[in-house]
Amino acid sequence: MSNSVIQCRCKKETEAEKYERIAEVIEEYKDREGSLIQVLHMAQGIYGYLPVELQRFIAQKMGLPFSRVSGVVTFYSFFSTKPRGENTIRVCLGTACYVRGGKKIVEKLREILGVEVGGTTADGKFSLEVMRCIGACGLAPAMMINDRVYKQVNPDKLQSILEKYY
Amino acid sequence: MVQVTINNKKLLVDDDMTILEAARANNINIPNFCYMKDVHRFGSCRICVVEVEGARNLQASCMVKVRDGMVIHTNSERVKKARKMLYELILSDHPKNCLTCARNQSCELQKLGELIHAEDGRLEGERSKSEIDASSPSIIRDMSKCVLCRRCVTVCNEIQGVGVLNAQNRGFKTVIGPGADLPLNSVNCVMCGQCTVVCPVGALQEKDSLQAVWDALYDNGRHVVVQTAPAVRAALGEEFGYEPGTLVTGKMVTALRELGFDAVFDTNFAADLTIIEEGNELLDRLTKAMNGKPATLPMITSCSPGWIKYVEHTYPDELDHLSTCKSPHMMLGALAKSYYADKIGIDPRKIFVVSVMPCTAKKFEITRPEMVNNGCPNVDAVLTTRELARMIKEAGVDFRSLGDGEFDNPLGISTGAADIFGTTGGVMEAAIRTVYEIVTGRELPFENLHVKSIMGLDTVKTAELLIENPKDEYKFLDGVQLKVAVTSGLKGAKMLMDQVSANESPYHFIEVMGCPGGCISGGGQPRPTDDEIRKKRMDAIYREDENKQLRKSHENPFIIKLYEEFLVKPLGHKSHELLHTAYTRRGIFNELLQGRHR
């Protein structure tokens with residue numbers, strides 16, 4: 001599956017088109033053992049998040065019980081059942097980042113964005129999340145915006161980092 | 001075989017055994033909790049940890065296989081300390097209101113406490129969950145008591161193939177449930193209650209109907225009748241210390257009289273009636289099919305309400321395959337409030353019918369809107385076998401000392417064919433005994449009237465029966481090879497239904513019971529249940545059958561009388577009104593519930 005398939009085109013695509021694209025993904029993966037996480041990952045990429053209706057759709061298409069799909073969705077913090085912002089900020093609070101000031105980054109972001117951890121800004125631009133170790137301890141304190149990792153983040157520079165996304 | 005040393009004893013054990021199994025086989029008891037033989041091996045509770053020399057960490061003995069030369073200590077200081085800590089951690093997130101819990105003295109967590117002398121209050125902290133889901137008419141979920149052993153997850157997903165219970169969320173917030181905070185009643189739970197049989201604590205239980213029954217008994221204006229399913233008599237004794245497989249029919253009847261029921265009837269009577277109605281329905285469908293008229297085959301039995309709900313959710317387009325017969329206890333309820341009410345001259349609205357069932361889905365079944373005649377529900381309350389035992393104990397009746405009683409007529413006499421309704425293969429065998437004789441005029445030519453290939457615990461069992469020299473009116477069946485299949489447990493049902501929905505089923509008639517083994521190990525039966533216990537209960541049921549003078553449903557004199565006096569003929573007008581029913585298209589997410597089937 002090429003990367004472009006899972007890219008978010010939420011602004012340009014209708015609901016039905018998104019479901020159709022998710023159905024295509026399921027068709028390709030459904031007979032492979034243990035492919036549920038992969039499918040959910042791609043579905044979230046296409047749809048933006050995983051509401052109950054979409055989880056049901058995936059369960060039915062994959063021939064799995066809904067409770068199993070929902071179980072996996074609620075187990076992994078990467079999956080979201082609520083609409084998410086255009087960009088997802090993930091601040092690392094693993095041990096190394098925590099001791100080097102990860103918490104301060106979270107504080108500052110809450111202040112700038114006006115949202116709590118797990119929330120999404122009113123304009124739908126950013127979702128704020130925290131993670132336990134993104135595997136970049138040498139770069140602590142680190143954070144990610146979408147797929148990009150920011151190293152040794154200085155809380156005072158956050159404003160200018162965020163501006164690039166407007 | 002490999003050699004291991006457990007607690008300084010050198011032992012030869014099978015090399016595919018786990019440490020726990022090897023110890024057990026040598027009479028060494030390793031305390032364990034979430035493990036369930038042949039059902040569930042998950043290693044979630046860690047209570048069964050042992051010390052293995054050379055291994056850095058303690059090992060969960062239910063998960064780790066023995067290896068040659070392994071040196072194991074099951075009772076060292078380190079093991080005992082860890083076990084105690086693990087137990088206290090489980091307790092720290094448990095309500096400990098044992099005295100008011102229905103599982104008091106039958107709780108595995110409590111029992112484990114006898115082995116581990118825990119200190120109270122050493123570890124107190126936040127409680128993870130307190131949700132009580134009482135939405136289902138059959139099963140109550142009290143998640144504050146859940147210990148996350150996941151046995152219910154295993155039976156619901158892997159044994160029954162339904163999958164409404166799975167772990168949601170993560171870590172301390174983990175809860176076992178249908179997901180998205182949905183109540184059990186809103187999802188495709190079939191209410192088979194197999195989860196309530198394996199739950200070690202009081203987190204999953206049948207919904208209590210004792211109070212409703214006591215209220216009816218204490219109400220002098222009520223005429224309270226009770227009926228008991230065939231499987232109850234083969235298991236109730238276990239609640240009073242009898243060996244599995246002990247038949248307690250007579251004591252059960254006496255106990256019910258002592259509890260104050262006005263009439264004690266036998267669901268078996270209605271099982272005989274089911275055979276007459278269902279057997280004729282099968283012949284009717286076969287006649288139509290052989291004469292080129294529209295008829296849906298295979299026909300599938302409809303006695304098991306969990307199975308019915310499963311098919312309504314999972315195969316909503318195949319409902320025409322189901323026999324239209326109500327389940328036997330619903331038939332008996334309908335007759336108690338019509339035929340019997342007329343006979344004794346009581347207003348049917350004053351009659352309160354209680355069914356004692358091995359089943360939790362029956363509690364749901366009586367709430368179905370179809371199960372009402374003349375404004376009266378056919379059955380007013382369902383007690384499980386476990387609940388009846390509690391009721392008997394509550395009333396101070398010394399069960400073991402009771403003499404044998406007899407069921408009341410006119411709804412109390414039954415043949416051996418009805419007894420075997422309680423076990424997988426039984427409904428089919430009972431039907432074959434009668435249908436073969438109706439068609440050929442001769443008795444089924446099998447040893448002891450048993451259809452051997454459909455007995456036992458295999459998931460799917462089949463039989464073929466060649467019809468030769470039939471009576472004139474069934475000439476069209478001459479030379480027909482009647483093909484039947486039997487399954488118990490919903491995984492087997494799925495296999496057979498996939499064939500049906502693909503139009504590839506080679507069978508004429510299929511028997512499905514929702515629980516593995518049939519009603520003998522239904523969701524309302526005494527705990528525990530394993531294959532050994534299933535076999536013992538099954539043997540008891542066949543014993544009851546073989547000890548009867550009459551072993552074919554159509555020979556039941558009270559059934560013959562019932563048709564003469566009241567029903568007139570099988571599949572007749574009265575039968576359709578009282579004994580037959582219709583089904584509901586539900587869909588896996590209940591999305592089809594608006595449109596009614598038939």
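Residues numbered from 1 in each chain as written. Chains lettered and ligands numbered in written order. Predicted model: local features only at pLDDT ≥ 70, side-chain atom pairs only at ≥ 80, totals over all residues.

**Digging into the overall build of chain A**
Part 1 of the reasoning: When helices and strands are counted, chain A shows eight helices and four strands.
Part 2 of the reasoning: Seen in sequence order, chain A has helices and strands lined up from the N terminus as α-α-α-α-α-β-α-α-β-β-β-α.
Part 3 of the reasoning: Computed over the C-alpha atoms, the radius of gyration of chain A is 17 Å, within 12% of the 15 Å expected from 2.2 N^0.38 for a compact globule of 166 residues.
Part 4 of the reasoning: Residue burial in chain A is summarised as follows: out of 166 residues, 30% are buried. (Helix = DSSP H or I, 4+ residues; strand = E, 2+ residues; numbered from the N terminus. Rg over C-alpha atoms; globule rule 2.2 N^0.38 Å. Buried ≥ 20, exposed ≤ 12 C-beta atoms within 10 Å, placed from the backbone.)

**Details of the overall build of chain B**
Part 1 of the reasoning: When helices and strands are tallied, chain B shows 18 helices and 20 strands.
Part 2 of the reasoning: The C-alpha atoms of chain B give 25 Å as radius of gyration, which agrees with the globular expectation for 598 residues (25 Å, within 12%).
Part 3 of the reasoning: The proportion of buried residues among the 598 residues of chain B is 52%.
Part 4 of the reasoning: Look at the contacts in chain B between residues 6 or more apart in sequence, and 74% of them connect residues 24 or more apart. (Contact = placed C-beta atoms within 7 Å.)

**Notes on the pairing of strand S14 (residues 351–357) of chain B**
Residue and element names in this part refer to chain B.
Part 1 of the reasoning: Counting buried positions along S14 yields seven of seven residues, so the element is predominantly enclosed.
Part 2 of the reasoning: Burial along S14 is two-sided: the face carrying Ile351, Val353, Ser355 and Met357 and the face carrying Phe352, Val354 and Val356 are both buried.
Part 3 of the reasoning: Pairing of strand S11 (residues 223–228) with S14, which is carried by six bridges, proceeds in the parallel orientation. Residue pairing for S14: Gln227 is matched across the bridge by Ser355. (Pairing = 2+ DSSP bridges.)

**Quick look at the environment of Leu236 of chain B**
All names here are of chain B.
Part 1 of the reasoning: Along the chain, Leu236 turns up in the loop between S11 and helix H7 (249–259).
Part 2 of the reasoning: For Leu236, a count of 28 C-beta atoms within 10 Å translates into the label buried.
Part 3 of the reasoning: In the structure, Leu236 is positioned 140 residues away from Cys376 in sequence and 30 Å away in space, judged by C-alpha atoms.
Part 4 of the reasoning: When neighbours within four sequence positions are excluded, Leu236 is seen to be in contact with Val248, Met252, Thr385, Leu388 and Ala389.

**So, the domain arrangement of chain A**
Part 1 of the reasoning: Domain boundaries in chain A define domain 1 (3–75) and domain 2 (87–163).
Part 2 of the reasoning: Averaged C-alpha coordinates put domain 1 of chain A and domain 2 of chain A at centres separated by 27 Å. (Domains from an automatic or database assignment.)

**As for unusual backbone geometry**
Part 1 of the reasoning: Cis peptide bonds are those with omega within 30 degrees of zero, and the linkage from Ala140 of chain A to Pro141 of chain A qualifies with -10°.
Part 2 of the reasoning: Residue Pro528 of chain B is reached from Arg527 of chain B by a cis peptide bond, and omega for that bond is -10°.
Part 3 of the reasoning: Within the chain, Lys96 of chain B stands out as a residue other than glycine whose phi angle is a positive 60°.
Part 4 of the reasoning: Note that Lys96 of chain B resides in the loop between helix H2 (77–92) and helix H3 (108–115).

**Observations concerning helix H16 (residues 531–546) of chain B**
Part 1 of the reasoning: If you check H16 of chain B, its first and last C-alpha atoms are 22 Å apart, about what 16 residues at 1.5 Å a residue would give, namely 22 Å.
Part 2 of the reasoning: Along H16 of chain B, the positions that sit buried rather than exposed are Ile533, Arg534, Arg537, Met538, Ala540, Ile541, Tyr542, Glu544 and Asp545 of chain B. (Expected span 1.5 Å × (residues − 1).)

**Remarks on the sheet that holds strand S10 (residues 204–206) of chain B**
Residues and elements named next belong to chain B.
Part 1 of the reasoning: Strand order across the open sheet formed by three strands is S6-S7-S10, with antiparallel pairing between neighbours. Taken across any chain shown, the strands that pair with only one partner, and hence form the sheet edges, are strand S6 (132–133) and S10.
Part 2 of the reasoning: Relative to S10, strand S7 (residues 139–142) is paired through three bridges, and the arrangement is antiparallel. Bridge pairing links Arg141 to Leu204 in S10.

**Section: the interface of chain B and chain A**
Part 1 of the reasoning: The interface is formed by 14 residues belonging to chain B together with 11 residues belonging to chain A.
Part 2 of the reasoning: Across the side of chain B that touches chain A, the residue classes tally to seven nonpolar, six polar and one charged. (Nonpolar A, V, L, I, M, F, W, Y, C, P; charged D, E, K, R; others polar.)

**Structural notes on the sheet that holds S14 of chain B**
All names here are of chain B.
Part 1 of the reasoning: With parallel pairing, the four strands of this open sheet are ordered in space as S12-S11-S14-S17. The open sheet has two edge strands with one neighbour each: strand S12 (263–266) and strand S17 (381–384). If you compare each strand with its neighbour and ignore which way they point, the axes differ by 25° on average.
Part 2 of the reasoning: Note that S11 and S12 share four bridges and pair parallel. Of the residues in S12, the one forming a bridge with Gln227 is Phe265.
Part 3 of the reasoning: Taken strand by strand, helix H10 (residues 328–344) contacts S11, S12 and S14, and its axis lies near 155° from that of S14. (Axes fitted to C-alpha atoms, helices over the stretch in contact; angles between N-to-C directions.)

**Focus on the packing of helix H3 (residues 36–47) of chain A against helix H5 (residues 66–75) of chain A**
All names here are of chain A.
Part 1 of the reasoning: Their axes nearest at 11 Å, the elements H3 and H5 cross at an angle of 70°. Relative to H5, the element H3 lies roughly perpendicular. In the crossing of H3 with H5, the sense of the turn from one axis to the other is right-handed. Contacts from Leu36, Ile37 and Leu40 in H3 reach Val69, Val72 and Val73 in H5.
Part 2 of the reasoning: Residue composition of the contact of H3 with H5, by class: six nonpolar, no polar and no charged. (Parallel < 35°, antiparallel > 145°, perpendicular 65-115°, else oblique. Left-handed = near helix turned anticlockwise from the far one by under 90°.)

**So, H7 of chain B**
All names here are of chain B.
Part 1 of the reasoning: Burial analysis of H7 places eight of its 11 residues in the buried class, the great majority of the element.
Part 2 of the reasoning: Among all positions of H7, only Thr249, Lys251, Met252, Val253, Thr254, Ala255, Leu256 and Leu259 are buried.
Part 3 of the reasoning: Taken together, the buried residues of H7 touch helix H6 (210–218), S11, S12 and helix H12 (385–394).
Part 4 of the reasoning: Phi turns positive, to about 105°, at Gly260, one or two residues after H7.

**Some details on the packing of helix H8 (residues 267–290) of chain B against H10 of chain B**
All names here are of chain B.
Part 1 of the reasoning: Where H8 contacts H10, the two axes come as close as 8 Å, and the packing angle between them is 105°. Considered as vectors, H8 and H10 are oriented roughly perpendicular to each other. Every residue of H10 that contacts H8 at Thr267, Phe269, Ala270, Ala271, Leu273 and Thr274 is listed here: Pro328, His329, Met331 and Leu332.
Part 2 of the reasoning: Residues that form the contact of H8 with H10 fall into these classes: seven nonpolar, three polar and no charged.

**Observations concerning the domain arrangement of chain B**
Where interface size is quoted, it is often the accessible area lost as the parts come together.
Residues and elements named next belong to chain B.
Part 1 of the reasoning: Split into domains, chain B comes out as domain 1 (2–115), domain 2 (132–206), domain 3 (210–269 + 329–401) and domain 4 (277–324 + 414–517 + 548–578).
Part 2 of the reasoning: Taken over C-alpha atoms, the centre of domain 2 sits 33 Å from the centre of domain 4.
Part 3 of the reasoning: In this assembly, nine residues from domain 2 lie in contact with 11 residues from domain 4.
Part 4 of the reasoning: When its residues are assigned to classes, the side of domain 2 that touches domain 4 shows five nonpolar, four polar and no charged.

**Things to note about the confidence of the model for chain A**
Caution applies to low-pLDDT parts of the model: their predicted coordinates are not meant to be read in detail.
Part 1 of the reasoning: In this model, chain A carries a mean pLDDT of 90, and residues with pLDDT of at least 70 account for 93%.
Part 2 of the reasoning: Looking at the elements of chain A, mean pLDDT is at its lowest for helix H1 (residues 3–6) of chain A, recorded as 44, and at its highest for H5 of chain A, recorded as 97. (pLDDT = per-residue confidence, 0-100.)

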